[in-house]
Amino acid sequence: MDEEYDVIVLGTGLTECILSGLLSREGKKVLHMDRNDYYGGESASLNLTQLYRKFRQGKEPPAELGRDRDYNIDLVPKFIIASGELTKILVHTDVTRYMEFKQIAGSFVFRDGKISKVPSTEMEAVKSPLMGLFEKRRAKNFFSFLQNWKDEDSTTHQGIDLDKDSMKTVYEKFGLESGTQDFIGHAMALYLDDDYITKPARPAYERILLYSKSMARYGKSPYIYPLYGLGELPQSFARLSAIYGGTYMLDKPIHEIVTDDNGKFVGVRSGDETVKAKQVIGDPSYFGAGEEGGKVRVVEEGKVVRAICVLKHPIPGTEDADSCQIVIPQKQVNRKNDIYIAAVSSTHNVAAKDVWIAIVSTIVETSVPERELAPGLQLLGTIHDKFVSISSLYTPTADGKSDNIFVTRSYDATSHFETVVDDVQDVWQRVTGKPFSELELKKADMDNVQE
């Protein structure tokens, strides 16, 4: 391995694969390595055998679950927001050529002990049990205000300053009840907790607008999802990198990140071979995650607990949906953080016929993480099998500019990929010294993506 690369990328999670695809496309010489023999790292989709190997070593998957190859089970449950940033990157890079997407059938919220559909049309809003008659009128005024807002036209502002006034002020101006605020903030703006309420309203306004725009695109829900699971995403970006000359090595143990006397990155050692490069990008597991003095630290939220559940039926109360998201706002279950349920099925080529995969996840708040998922697990009906994981959330301790070592962040508890794209943009800027916006992501819409 005498040749030198511009960038070595460690780990084939989605963040790393997007970066390697984009860097290769920009003419950088990229070597991409992973200790696993499959793509996706923390964000992989596993078949049954791989799933059992990961969670129940030595146990074979039960025959009644069907064929191994019918399963592509995500380790990290996230959906793609139809008008979001990841969609723009997918379209901009033409990665959509390698994938097919399907819409997620419904978006639901848990309120007052039952599941209700997040209204996707005006008709549904009128019938929705989430609000009483007068509250529906107030909510309509609130949404009209957001839809009609124009920064340059003060007559649309109704005395509100989105950059100064808090979201609480905006809610109060329209007289919205706390249950409605809960539903808007958590099921539409997709905040994990209530911290946003006391902060300036602009980010919440942008999130609600993004949700509404994505909902309007296809009607039933704001989410799309790749056939054969989320593991298709990193693989497709890996293909993009390879087209532009990127080199991939799976199943390659990484023994050392080699630095010079000043601590600057020199190369990566695997066994007796050392390969050199100017820069390295990698996920936290390659840079001392969990060790003293490593390149990463645990973030404030600390840990995410996830339960992958195999069901032989759709989730009760979801109109027999083949896929859905359910948000359980924290206040409904006396918590600080929301609980999410993401469900997909054989319709998405991720499970055998008549099998649903539901993943319940939340941020850990107590010393008994699995118990915290109970409100979500109770909504699933009979659970055929369950696999629980607890993951620490890591973030880099430095920006990497001084030593050319750039570390990505762990996959957080959000139910979508917008924070992953934030990380991609941040690392891109640090590695290249150029703003991500210079990539000129064209105004992308998903109308040319197969449905």
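Quick caveat, the model's predicted, so the values are computed rather than measured.

**Student:** Whenever I open this one, the packing of helix H3 (residues 85-92) against helix H12 (residues 418-432) confuses me. Can you help?
**Tutor:** Each pair of packed helices can be summarised by the angle the axes make with each other and by the distance between the axes. Direction vectors running N to C along H3 and H12 enclose 60 degrees, while the axes themselves pass 8 Å from each other. Compared by their axis directions, H3 and H12 come out oblique. Contact residues: Glu85, Leu86 and Ile89 in H3; Glu418, Val421 and Gln425 in H12. Partitioned by chemical class, the residues of the contact of H3 with H12 number three nonpolar, one polar and two charged.

**Student:** Got a minute to help me understand the layout of surface pockets in this structure?
**Tutor:** A water-sized probe, rolled over the atoms, reveals where empty space remains. Estimates place the volume of the largest pocket at around 870 Å³. Around the largest pocket, the lining comprises 32 residues; the ones closest to its centre are Leu192, Asp193, Glu301, Asp412 and Thr414. Where the lining of the largest pocket is concerned, the elements lending two or more residues are helix H8 (202-218), strand E14 (296-311), strand E18 (385-396) and H12. For the lining of the largest pocket, the leading source of residues is H12, giving four residues.

**Student:** Would you take a moment to explain the side chain of His157 for this structure?
**Tutor:** Examined against the element boundaries, His157 turns out to sit in the loop between helix H5 (133-148) and helix H6 (167-173). Using a relative accessible area of 14% as the deciding quantity, one classes His157 as buried. Within the local environment of His157, its side chain forms a polar contact with the backbone oxygen of Lys150, the two atoms lying 2.8 Å apart. In terms of polar contacts, His157 uses its side chain to reach the backbone carbonyl oxygen of Asp151, at 3.4 Å.

**Student:** How should I be thinking about the packing of aromatic side chains in this particular structure?
**Tutor:** Aromatic ring pairs are reported here in terms of the distance separating the ring centres and the angle at which the planes meet. What the rule picks out here adds up to 13 aromatic pairs. With a centroid separation of 5.9 Å and an interplanar angle of 85 degrees, the aromatic rings of Phe79 and Tyr225 are classed as edge-to-face. Note that Phe79 is positioned in the loop between strand E4 (73-74) and strand E5 (80-81) and Tyr225 in strand E9 (residues 223-226), a separation of 146 residues in sequence. With respect to burial, Phe79 and Tyr225 carry one shared label: buried. When the centroid spacing of 4.2 Å and the interplanar angle of 0 degrees are considered together, the rings of Tyr191 and Tyr196 count as stacked. Tyr196 carries the same exposure label as Tyr191, and that label is buried. Linked through ring pairs, Phe142, Phe143, Phe145, Trp149, Tyr171, Phe174 and Tyr205 together constitute an aromatic cluster. The cationic tip of Lys29 hangs over the ring face of Tyr5; the distance from NZ or CZ to the ring centre is 5.2 Å.

**Student:** Can you walk me through the sheet that holds E5 in this structure?
**Tutor:** Sheets are built from strands that pair by backbone hydrogen bonding, the pairs being arranged parallel or antiparallel. In space, the three strands of this open sheet follow the order E5-E9-E6, with antiparallel pairing throughout. Bordering the open sheet on either side are E5 and strand E6 (101-103), each of which pairs with just one other strand. Pairing of E6 with E9, which is carried by three bridges, proceeds in the antiparallel orientation. Across the sheet, Phe101 pairs through a bridge with Pro226, a residue of E9.

**Student:** It is not clear to me how the domain arrangement of the chain should be interpreted in this structure. Could you clarify?
**Tutor:** Reports often express the size of an interface as the amount of accessible area lost when the parts come together. Segmenting the chain into domains produces domain 1 (4-44 + 231-300 + 395-438), domain 2 (61-84 + 91-105 + 302-393) and domain 3 (116-218). The gap between the C-alpha centroids of domain 2 and domain 3 is 26 Å. Counting residues at the interface gives 17 residues for domain 2, matched by 14 residues for domain 3. Interface area for domain 2 against domain 3, summed over the two sides, is near 1400 Å², with a carbon-plus-sulfur share of 54%.

**Student:** Looking at this structure, how should I read unusual backbone geometry?
**Tutor:** Excluding glycine, a negative phi dihedral is what most residues carry, and trans is how most peptide bonds are arranged. Phi is positive for Asp251, which is not a glycine, with a value near 60 degrees. Here Asp251 lies in the loop between strand E10 (247-249) and strand E11 (256-259). Asp251 sits in the exposed class, given a relative accessible area of 52%. At Asp354, a residue that is not glycine, the phi angle is positive and equals roughly 65 degrees. Mapped onto the secondary structure, Asp354 falls in the loop between strand E16 (339-345) and strand E17 (356-363). A residue is classified by how much of its surface remains accessible, and Asp354, at 45% relative accessible area, is partly exposed.

**Student:** What should I look at first to understand the pattern of salt bridges in this one?
**Tutor:** Think of it this way: side chains of opposite charge can pair up when their charged atoms draw near. The tally for this structure, following the rule as stated, stands at 23 salt bridges. Between Glu365 and Arg335 there is a salt bridge; the shortest N-O distance is 3.3 Å. You can see Glu365 sitting in the loop between E17 and helix H10 (369-372) and its partner Arg335 sitting in the loop between strand E15 (324-328) and E16, a full 30 residues away along the chain. Since its relative accessible area comes to 27%, Glu365 is described here as partly exposed. Classification of Arg335 by relative accessible area gives buried; the value is 13%. Salt bridges sharing common partners tie together Glu135, Arg138 and Glu177.

About the criteria used
- Residues numbered from 1 in each chain as written.
- Predicted model: local features only at pLDDT ≥ 70, side-chain atom pairs only at ≥ 80, totals over all residues.
- Heavy atoms only, no water.
- Axes fitted to C-alpha atoms, helices over the stretch in contact; angles between N-to-C directions.
- Helix = DSSP H or I, 4+ residues; strand = E, 2+ residues; numbered from the N terminus.
- Parallel < 35°, antiparallel > 145°, perpendicular 65-115°, else oblique.
- Contact = heavy atoms within 4.5 Å.
- Nonpolar A, V, L, I, M, F, W, Y, C, P; charged D, E, K, R; others polar.
- 1 Å grid on protein atoms, 1.4 Å probe; cavity = no way out; pocket = protein on both sides within 12 Å on 5 of 7 lines; lining within 4 Å.
- Points joined across faces, edges and corners; volume = space filled by probe spheres on them.
- Buried < 20%, exposed > 50% of the residue type's maximum accessible area, 1.4 Å probe, protein only.
- Polar contact = N/O pair within 3.5 Å; in protein donor to acceptor, adjacent residues only side chain to side chain.
- Phe/Tyr/Trp six-rings, centres within 6.5 Å; stacked < 30°, edge-to-face > 60°.
- Lys NZ or Arg CZ within 6 Å of the ring centre and 35° of its normal.
- Pairing = 2+ DSSP bridges.
- Domains from an automatic or database assignment.
- Buried area = accessible area lost by both parts, 1.4 Å probe.
- Salt bridge = Lys/Arg side-chain N within 4 Å of Asp/Glu carboxyl O.

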